[in-house]
Amino acid sequence: MIDTLRLTAKQVNDLLETGQASSDEIFSAYRAAIDEGDSELNCFLHVCDGAPGEGIPIALKDVVSTKGIPTTAGSKILESYVPVHDATVAERCEARGLRTIGKTNMDEFAMGSSTENSAYGPTRNPWDPERVPGGSSGGSAAAVAAGLAPWALGSDTGGSIKQPAALCGVVGLRPTYGTVSRAGIVAFASSLDQIGPIAKTVGDCAFLYSVIAGRDPSDSTTVELPEPVAIPEAEDLKGLKVGVPKELNETEGIEPGVSEAVNAAIELCRELGAEVGETTLPRSVEYGLPCYYLIAPSEASSNLARYDGVRYGLRVSDGDVREMYMRTRDAGFGDEPKRRIMLGTYALSAGYYEAYYGQAQKVRTIIRQEFAAALEQFDLLVSPTSPTVAFPLGAKTDNPLAMYLSDVLAIPPNMAGLPGLSIPCGLSEDLPVGLQLIGPQFSENLLFRAGHALEQAIGFDYVPSRLA
């Protein structure tokens, strides 16, 4: 028996290299786990019966284009869409022998913090199926936590890898903007979207990042990595300066149990040899959320204009062309994409552009400058990833603002284009708490080093207690 619930990707690779199991046996074991557990959790929108390669299975968020495999972005408007090409990240995974086991559920067009906005029903949290897994990469995070895949790719715009990783008790990396190709990714907000890895351990996360990262001729926003990705081995934090931004750790809405677990992890940084001090980001937290909800919807309104029923996806034919456009978009988009399209279109409209979108871009520059100043004093910054643990299904669906506040701690570093790593640091109410590590641009190796050392010291059991 292959116990997929406890296997890390590295352990799967060890089984393959030592000949204890074949790639087909591994793949079949994860397929069996999906068949048994996914009816309860709804992590997958499409499951593959077989896939090329001789390596480790991988789950891909359904925002990643996959040749011959449906790619819906969690939306009815792409329900029948089957790409004719692979996204660059999918190509790179296949080139390393990784086998796509399925496409994971997500908030529609990556717009949400709970995976409840999926047109195909919500994903449930493996720690408590009555609670959300976070979003928008909730399907990927839940699949890894439940042992339905050893690792997965998600996408992060305003926290959509880090926050579900925190709520599901796994590790998630939002890379430096520009280090991973967006070619073949269904776009939400182009200046913010990044593909990143979700795994059980920091080491697995680092390895998967090494597979997908690097310059891509098909994406002009990508760059060469300044140094190779290093698989972390350090077990201490000696020589590192760790900053604790007051606003990211004391903002209103952080649950006491979350603060307690994060404060214990910060104290552990000291015990591991780091120099820990307080810093401040006075405007980044206050203005990060409103800045994001002007820039992201504005870019979304432009990106989602292509879904009109003409070229691909859903078409509702009734009346003239204009009527077809309107009826297709009305039937195909859910409430959240419609909300953000309208908000973004308004912010970009004549007479309002400078007052809203233009002003938000200026604020974004201030946020970038604030983080740069803090990171001149410290090697990395720490905070909770999410202000709360996983909340009950339906608790915030009628209050969009309360849902948006789920990402209040994850958004500010994203606005600055910085990498962020979320690792589990303890439990509150028997649910996982995530610790967010933030570094300068291209500091992924530093984040992996620190995350690995803390991971070893914390000793978090990533298997959901109800499944153990």
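Residues numbered from 1 in each chain as written. Predicted model: local features only at pLDDT ≥ 70, side-chain atom pairs only at ≥ 80, totals over all residues. Heavy atoms only, no water.

**Q** Looking at this model, I keep getting lost on the sheet that holds strand β6 (residues 194-199). Mind explaining?
**A** Overall, mixed pairing links the 11 strands, which are arranged β1-β3-β2-β4-β6-β5-β10-β11-β9-β7-β8 in an open sheet. Each edge of the sheet is formed by a strand with only one pairing partner; in this case those strands are β1 (44-47) and β8 (275-279). Strand-to-strand twist in this sheet, taken as the mean axis angle between neighbours without regard to direction, amounts to 30°. Pairing geometry for strand β7 (residues 241-245) and β8, over five bridges, is parallel. Residue pairing in the sheet places Pro245 in a bridge with Thr279 of β8. (Pairing = 2+ DSSP bridges. Helix = DSSP H or I, 4+ residues; strand = E, 2+ residues; numbered from the N terminus. Axes fitted to C-alpha atoms, helices over the stretch in contact; angles between N-to-C directions.)

**Q** Any chance you could explain the packing of aromatic side chains here in plain terms?
**A** Two numbers describe a pair of aromatic rings. These are the distance of the centres and the angle of the planes. All chains considered together, the criterion is met by 14 aromatic pairs. Consider the rings of Tyr307 and Tyr312, whose centres lie 6.0 Å apart with planes at 65°: the pair is edge-to-face. For Tyr312, a relative accessible area of 28% translates into the label partly exposed. Here the aromatic rings of Tyr346 and Tyr356 are separated by 5.9 Å at their centres, their planes lie at 55°, and the arrangement is tilted. With Tyr346 in helix α11 (residues 335-348) and Tyr356 in helix α12 (residues 354-377), this pair connects stretches of sequence that are 10 residues apart. On the basis of relative accessible area, Tyr346 is assigned to the partly exposed category, the value being 40%. In this structure an aromatic cluster arises from ring pairing among Tyr81, Phe109, Tyr307, Tyr312 and Phe333. (Phe/Tyr/Trp six-rings, centres within 6.5 Å; stacked < 30°, edge-to-face > 60°. Buried < 20%, exposed > 50% of the residue type's maximum accessible area, 1.4 Å probe, protein only.)

**Q** Help me understand the pattern of salt bridges in this model?
**A** Scanning the model with the defined rule gives 20 salt bridges in all. Asp24 is the partner of Arg99 in a salt bridge, and the nearest nitrogen-oxygen pair spans 2.9 Å. Separated by 75 residues along the polypeptide, Arg99 in strand β3 (residues 99-104) and Asp24 in helix α2 (residues 23-41) bring together distant segments of the chain. Glu40 is the partner of Arg466 in a salt bridge, and the nearest nitrogen-oxygen pair spans 3.1 Å. Taken as a pair, Arg466 in the segment after α15 (444-458) and Glu40 in helix α2 lie far apart in primary sequence, 426 residues in all. Relative accessible area serves as the criterion here: at 36%, Arg466 is assigned to the partly exposed category. Via salt bridges that share partners, Arg31, Asp35 and Asp49 belong to a single interconnected network. (Salt bridge = Lys/Arg side-chain N within 4 Å of Asp/Glu carboxyl O.)

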